[in-house]
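Spelled out, the chains give:
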Amino acid sequence: MKLSEDGLARALAEQDDALANCVHCGFCLPACPTYRRLGDEADSPRGRLYLMRAIVEGRLDAGSDAFETHISRCLGCRACEPACPAGVEYGRLLELARQVGGSVRPPPRISRLLLATFGTKWASRLAMLGARLLRASRIPDLLTWAVSRVRRRSGEESAIESESHWARQRSTARWRSLWLAFAMVSASAPPRRLFAKVRRRQVASDAAAAADLGRSRPRGTSTADDRPTVGVLAGCVQAGLFSRVNAATERVLTANGYRALRVRAQGCCGALHAHGGDLGRARALARRHIAAFEQAGVDFVASNASGCGAAMADYGSLLDDDDAIAESARDFAARVRDVSQLLAERGDRAGAPLPLRVTYDPPCHLLHAQGVAEAPLAVLQSIPELEVVPLADAAECCGGAGIYGLANPELGGWIGADKVHSALKTGAEAVVTGNPGCMMQIGAGLALAGSRVRTVHLVEMLDESYRLGGVYGDTQGPGAR
Amino acid sequence: MNPDLADSLTEICGPDAVIVDRDRLLAYESDGLTAYRHRPGAVVLPRTTSQVRRAVLAVARHGLAVVPRGAGTGLSGGAVALDGALVLGTARMDRIVEIDAPNRRAVVQPGVVNADLSAALRPYGLHYAPDPSSQSACTLGGNVGENSGGPHCLKHGVTSRHVTGLEIVLSDGSVARLGGMGGEAEAGYDLVGVVVGSEGCFGVVTEIEVGLLPLPEGVRTLLGIFDRIEDAARAVSEVVGVGLLPAAMEIIDGPTIRAVEESVFAAGYPIDAGAALVIEFDGVDAGLDEESARAAGICDRMGAREVRRARSEEERAALWKGRKKAFGAMGRIAPDLLVQDATVPRTALPSTLRGIAEIAARYRLSVANVFHAGDGNLHPNIVFDRRNREESGRVECASAEIMRLCVGAGGTITGEHGVGLDKRRYMELVCGPAELKAMRGVRLVFDPAGTMNPGKVLPDAPGGGGDQGGAQGGPSTRRSVGGGRVRGVGSVLDLLPAGQALVGEEAAEWLGGSGAEAVVFPESAEEVAALVRRAAESSVPLLPAGSGSRLGWAGGWPSGTGVVVVSTRRMASLVHYEPADLTLTAAAGMRWRNLDAKLRLKAQWLPLETPGLWSGTVGGAVARGGAGPLRTRYGAVRDSVLGLEVVTGAGEVLRLGGRVVKNVAGFDLVRLFTGSYGTLGIVTQASMRLFPRPEVDLTLCFEGARERMLEGAAALRASLLPVAAAELHDRSVAGREGRAALAVRVLGGAAEAEDVRTRAEATVGIEPVDVLLGNESESFHRRATEVAPEPLRSAVVARREDSVSSRLADGIKGLFDPHRVLPRRP
C-alpha cells in the first residue's frame, strides 16, 4: 500500500511543471460553480491546484480531510479551463489527484458501487435492466411527484439557495440521493407528451408541405459507398436507458450521409472511472474500447454523451505511458466527434417544423472539455420553427457531473436548483442538451420542482423533426416506436 | 486558532463560514503574488455588514488582526495574513444592492466581481469604467482597496474617481458611512478618497457606491506594429501631444510578442516586431473615424511598419488578444514570473524602457514589457526560476534598480498593483520620514489598535513599532510655555523680511476691510512651515489664503483675535509643465486665470469650473475642492490633483503624491488635503492632471417654461447623450415668471460635436434661441459658475456626517493641526 501510494504521489510530482503553469492569478474563481456558491478558495480550481502542489511539496497528506473534501467536491466540469490564461490542464490533474487521494482513502461507498457496476459489463447490464423495469413500473414517476408535492408544501425550493439550508441538507443527504435516483430514472423516459403536443400543433399547420420539404432534398442515398463510416458509441447508461437516443443517432447520421456502424464488442468507455480518479480501470476499459473500434474500422467515433466523448478524446493522454497502445489511442482520440459536430459539418438538412420553444443547456464536457459551442446550436437552428431561447448562465454546470449529483446530492442539488430556476425563467417547453447525465439531472430537478418541462436530447429533437418530415421514408423510419 | 474565537465566529456567521483546519487554510496562503506564503490563523466568510461587524469585534477581543480579502487576485501580497491573522473573505458578499440608473449610480457589496457589475449594467446602457486586467475575477472590494486601474483608465480614470460612497467597519466594530448618494464630499474631508487605495489597513469595506458611465456608442481599435519600442513610446506621447484622448493605449514589446506567438494563444502579431501598440478610441460614433485616422497617421510618421484596424468586434478582439493573453503566455514559458508595476511620466517612457533593458542585461535577466503606455504605467515582467536562488537574488536587485530608475524619472513605485507586502521596502524611495509618519498617523485614526491588515503598505516605523504616529510633533508638543519668547502676532511677523507682511491699515485694505491683524506673504514652503510653527508657539491663529478672493467663506475666520492671514500670492510660479505628459505643477499662489492662459497656448485645459475658480489661485481651488458642471466628463477637483506640497498645522512640509496619473504608493493623503479648506494645512504647490482642449466648444441655449426646460434636461439625461453639461438657469424673461433657460454644452471634435449638437436639439425638442461658440461659450459658463451655479443633479447631495465619520474627521484634524493654529473644521 505504502509503496504504491508513493508511486502515485510521484505521478503527481511528475506533473510539477503542469502544476507550476498555474500562476495563481485567480481568473478561474468566478468560473467555478462550487466557488461561486461556497466562497471558499479551497473550493476553487486555483485552491485545489494549490492543494495538489502542497502534496507534491510534501506539505499536505494525500489522506487528509482537506484534500479529500475539496477534491471530491469538484464537479470536474472544467469550466475553469477556458478561463485559464495559462492553459492549465485542470481536468487531467484532477483525475490524477483523485487517483492519489483515492489510493489512500477510498471514495464514498456510493461512488465505489457505481464505478464497480459500470466497470463490469454484466453488472452494468443488470443494473440497467433493473432501472428499465423500475421505469416501466411508473413507481419513480409517482414517487417524484409525491416528493415534489411535499417539497412545494414545505416551501423548500425558495430556500434552496441559502447556505444554511445547504448545511441542513447534509443530514438528509442519503435520502436525497435516493429521491434523486428515482427522479433521474423517471426523467429518462421518452418525451412522449412533448412530441404529441408538437403533432397536435402541426395538424393546424401544413404538415404535408413540410414533409415535401424534407423529401425534396434527398441526401446520401447513393449506394456506391463512399460515405464516411461512423461507429456510434453505445455507452452504458445510453444503451440501458436511452436506447432510443442511440437509435435516433444512427438514423440522423444516416440521413446526413454517414454510414452508421454498430460496433458490437464495445463496452463502457471508462469516462466515469477516469473522471473519478479510477485511472487503472479507466485504462483497461479504454484499451478494450479502442480494440473494438479498431477492428470495426471506422472513420469517426460518434458520441451522443459528452462525458464519454470528452473521455475518449483524452485517450491519447490517458494511455500515453503505454507504448504498446499509445499510437492507437492517439489515432482513436483523433476520430472522436460529438454527434452534433458530424451533423453540423453536413450543413442543415431540414425536417418538419417543430413549433416549440426550447432552451439549450450545453453539457460541460462538450463546451468546456471539447470546446464544442456552435455545432449543437447550429443543429437546433436547422429545425424549422423551433424557437431557441437563451438560458442564463448556460455555461455553468447543472450539478449532475457524472455520478457527482448522486454522490454529493446536497451541493449538486444546490447547483442543479439554480439551473432549474434559470431554465424555468426562460419559459421554454423543453430543455435540450447533449448528454444523458445532464438530461437526467436537469430532468429530475425540473420534476422535483413540480414542473412538467422535459429534458430532450438534441438528437431526439432532430430525429423527431426528420421523422415527421418523412425524411426516413413513408414508414416513419426504422426505429419507429 | 483559539477554539473560543472559532466558536463565536461560527455562532456569528454560521458553521460553513469559518475555516480553521490548518490544511484547508493552505489555499489562503498566497494571493496573486505567490512569492509570499503566510498561512492565516483562520478564514471567515461573512455575508452581511452585521456579521462583519460582529466578527471584527470578536477577533478584536482576542487581540488578533484582520486581513480583508476579495478574490485574492492582487499582485502585491496585500491579501495574505501575517502572524496567523484572520482572513475575512468577502466572497459571499456578492450582492448588487441597488442599480439606480437615472442617477447613474449603483450600490454593491464588496464581493461583487468587477465584470459581473458591468454585465448587470449593460441592459441600462451603462457600465462601471475601471477595468483591471483581472476584471473577470477581481472584486470591487479589492478594487477599492487597491485603487485599481486598467487599460481604459487613460480616459475614464481609476477606481477612486468612480467611488462615491463607502460603508466601512472599523477595527473597534463601529460602522462608518462615508459619502454616498452620488455626490462628492461637499463639506468635510474626503474620507472616501483616503479609504480608496488604503489596502484594507483602515477597515473592512462592506458596501460601495459607484458612479456609472454610459456605454460608449462606438469603439475604434487600431494596432501599430513597430520595429523599435522607442518609436511606439514616442507615438504614444505624440498622440496625446496633438490633443487626442484615446480610451486606451497599450504597448506589447518584442519579447512578449514572441512569447505570445509561440504559445497556444498566438494572436497573429509579426514575430520579428519590436513592439505593438494598441490604441482604442471610444465615444460618439461620429468622431471616431477621424480620431483613429489621425492616430494611425501618427503611428505611420513614427515609423510603424504597419497599422491594422479592426472592422468588427471579432477583429477588435483579435487585435487585443496579444495584450490580454500576454501574462498567461509568459506564465507558460517561465517557471516563475515577477509582474512589476511602476509609473513614469509618459514622456519618460522611451528613456525608461532603455534603462530597463540595460538593467536586465546587466543582471543577465530576461525582461518583457507589456503596459498601459497611455498612463505611463509600466509592467516589466521578469522571467526566472525560483528554484535558482542565485537568479532569484539577481531578480531582487534588478527590481530595486528598476524602481529607482522610475522614481528618478519622476515616477513612482506602483501605479495600480499596490504596495502590499512586496513594495514596503521601496516606500522610502517616494516618501520621506514626514510623509510616512503622516500616513501612519492617518492609519491610526481609522485603526487605533493597528489590527487591520498590519504589516502592509508602510515600512516599520523607525525605532521599532513603538513610534506609531500620534501627534505630528512639531517644534514643541505643547503650546509654548517658554518664558523668553515673544508672544503674539509680532513674533510671527518677525520671521519675515519687511516687504513680506502687511499690518494694520494696509492689511485691512488688502483684505477688503475684514479684520485681521496682519497679512503675510511667505515665499517658500519652508517659510510657511516656520510661520506655522511660530504661530503655534505663540498661539496666533492663522488663516490660509490665496488672493483673498473668498475670505468671506462662512466659518473661515479662526476663533480668537489677532488672526494672521497667510497668503500664498508670492509663490506664483509654474514649477513644471510638460504638455505631452498632460500634467503640470504650479505654486499655490498662481492665479487660475494665468494658469489657464499658459495652458491655452498648448491647446490644453483644466476644466474644473468650480465656483469662484477664476478670481482665485491654484491653491484656493485645491483647498476648496468641489466640482463644477463638467464633472461627469472631467471629474471633480479631487480627481485632478495628482500631488501636493502642503505645510501641515504642525509645521511640517509634506510632499504627497506625484505628477503621474496613476499612483498607489501609500495612502492617498492628497485626497484629505484637497477640499479641506485649509483646515489641515496650507497648500504651497499642486500637481494637476490636464486635458486636451476640445476642438469645438459650443453651448445651445434653450428658453421656455421652467417645467419644459426641466423636461428637456431630463430627456437629455435619459438619452445618455454625451453632452458635457446641461444647466438650468432660472430667469424671468421680460418680467414673466416661471421661465428658465437651459444651457447645454457640447465639447469634442468637429464631427462629434456636430452630431451631438443635432441629437441634443432633437432630444430637447425645440430650437435653441442662441448658439454660443468657442470663447463665447466658455466665458458664458465661466460667468455662470462665478455667479450662482445650479448643477443639474437629481441626486440629493445631502452629506450627513454620522458620529463615526465625524470622529474620524476630528481625529484627522487633530493629527495635522494639533495646536489648532488653522481654522476650525467645517
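For the structure given in this document, a descriptive report is provided here. (Residues numbered from 1 in each chain as written. Chains lettered and ligands numbered in written order. Predicted model: local features only at pLDDT ≥ 70, side-chain atom pairs only at ≥ 80, totals over all residues. Heavy atoms only, no water.)

### A word on the interface of chain A and chain B
- Facing 39 residues of chain A, the contacting portion of chain B comprises 40 residues.
- Across the chain A to chain B interface the summed buried area is about 3,000 Å²; carbon plus sulfur atoms make up 44%.
- Note that A:Arg36 is salt-bridged to B:Asp116, the shortest N-O span being 2.5 Å.
- Here chain A is connected to chain B by 14 residue pairs in polar contact (both at pLDDT 80 or more).
- Of all the secondary-structure elements, those providing two or more residues to the side of chain A that touches chain B are helix 2 (16-20), helix 3 (33-38), helix 4 (45-56), helix 5 (65-72) and helix 12 (163-169) of chain A. (Contact = heavy atoms within 4.5 Å. Buried area = accessible area lost by both parts, 1.4 Å probe. Salt bridge = Lys/Arg side-chain N within 4 Å of Asp/Glu carboxyl O. Polar contact = N/O pair within 3.5 Å; in protein donor to acceptor, adjacent residues only side chain to side chain. Helix = DSSP H or I, 4+ residues; strand = E, 2+ residues; numbered from the N terminus.)

### What to know about the pattern of salt bridges
- With the rule as written, the count across this model stands at 78 salt bridges over all chains.
- As a salt-bridge pair, A:Glu396 and A:Arg37 come within 2.8 Å of each other at their nearest N and O atoms. In this pair, A:Glu396 sits in the loop between strand 6 (386-389) and helix 26 (404-407) while A:Arg37 sits in helix 3, placing the two residues 359 residues apart along the sequence.
- Given a relative accessible area of 18%, A:Glu396 falls into the buried group.
- For A:Arg37, a relative accessible area of 9% corresponds to the buried category.
- Each of A:Glu57, A:Arg59, B:Glu29, B:Arg37 and B:Arg39 takes part in a single network of salt bridges with overlapping partners. (Buried < 20%, exposed > 50% of the residue type's maximum accessible area, 1.4 Å probe, protein only.)

### Re the nonpolar core
- Membership of the largest hydrophobic core comes to 132 residues, with the highest contact counts inside it found for B:Leu669, B:Leu672 and B:Phe816.
- Residues from two domains meet in this core; each of domain 1 (1-211) and domain 2 (218-382) of chain B gives at least three.
- Within the second largest apolar cluster, 38 residues are counted, among which are A:Val230, A:Leu354, A:Ile383 and A:Met461. (Core = buried A, V, L, I, M, F, W, Y, C linked by side-chain atoms within 4.5 Å. Domains from an automatic or database assignment.)

### As for the sheet that holds strand 1 (residues 18-19) of chain B
Residues and elements named next belong to chain B.
- With respect to topology, 4 strands assemble into an open sheet ordered 1-2-4-3, the strand pairing being mixed. If you trace the sheet from one side to the other, it starts and ends with strand 1 and strand 3 (66-69), each paired once.
- Two elements, strand 2 (residues 42-44) and strand 4 (residues 86-89), share 3 bridges in a ladder whose sense is parallel. The residue of strand 4 that forms the bridge with Ala42 is Leu86. (Pairing = 2+ DSSP bridges.)

### Focus on a nonpolar patch on the surface
- Among the surface-exposed residues, A:Trp122, A:Leu126, A:Leu129 and A:Leu133 lie close enough to one another that they form a single nonpolar patch of about 480 Å² accessible area.
- With respect to the helices and strands, A:Leu133 occurs in helix 9 (residues 121-136). (Patch = residues over 30% accessible without salt bridge, like charges linked within 9 Å, V, L, I, M, F, W, Y side chains within 5 Å. Areas by Shrake-Rupley, 256 points an atom, 1.4 Å probe, with all protein chains shown as cover.)

### As for the sheet that holds strand 5 (residues 356-360) of chain A
Residue and element names in this part refer to chain A.
- Pairing in this open sheet of 4 strands is parallel, and the strands run 6-5-7-8 from one edge to the other. Across the chains shown, the open sheet's two edge strands, defined by having one partner strand only, are strand 6 and strand 8 (454-457). Neighbour-to-neighbour, the strand axes of the sheet open up by a mean angle of 40°, direction not taken into account.
- Here 4 bridges tie strand 5 to strand 6, and the two strands are oriented parallel to one another. For Arg357, the partnering residue across the bridge sits in strand 6 and is Glu387. (Axes fitted to C-alpha atoms, helices over the stretch in contact; angles between N-to-C directions.)

### Some details on the environment of B:Gly179
Residues and elements named next belong to chain B.
- Within the secondary structure, Gly179 sits in strand 9 (residues 175-179).
- Judged by its relative accessible area of 33%, Gly179 is partly exposed.
- Each C-alpha atom, one on Gly179 and one on Ser805, is 9.6 Å from the other, the two residues being 626 residues apart in sequence.

### Quick word on the pairing of strand 4 of chain B
Residue and element names in this part refer to chain B.
- Every second residue of strand 4 is oriented toward a common face, with Leu86 and Leu88 on one face and Val87 and Gly89 on the other, all of them buried.
- Pairing between strand 3 and strand 4: 4 bridges, direction parallel. The residue bridging Arg69 from the neighbouring strand is Gly89, located in strand 4.

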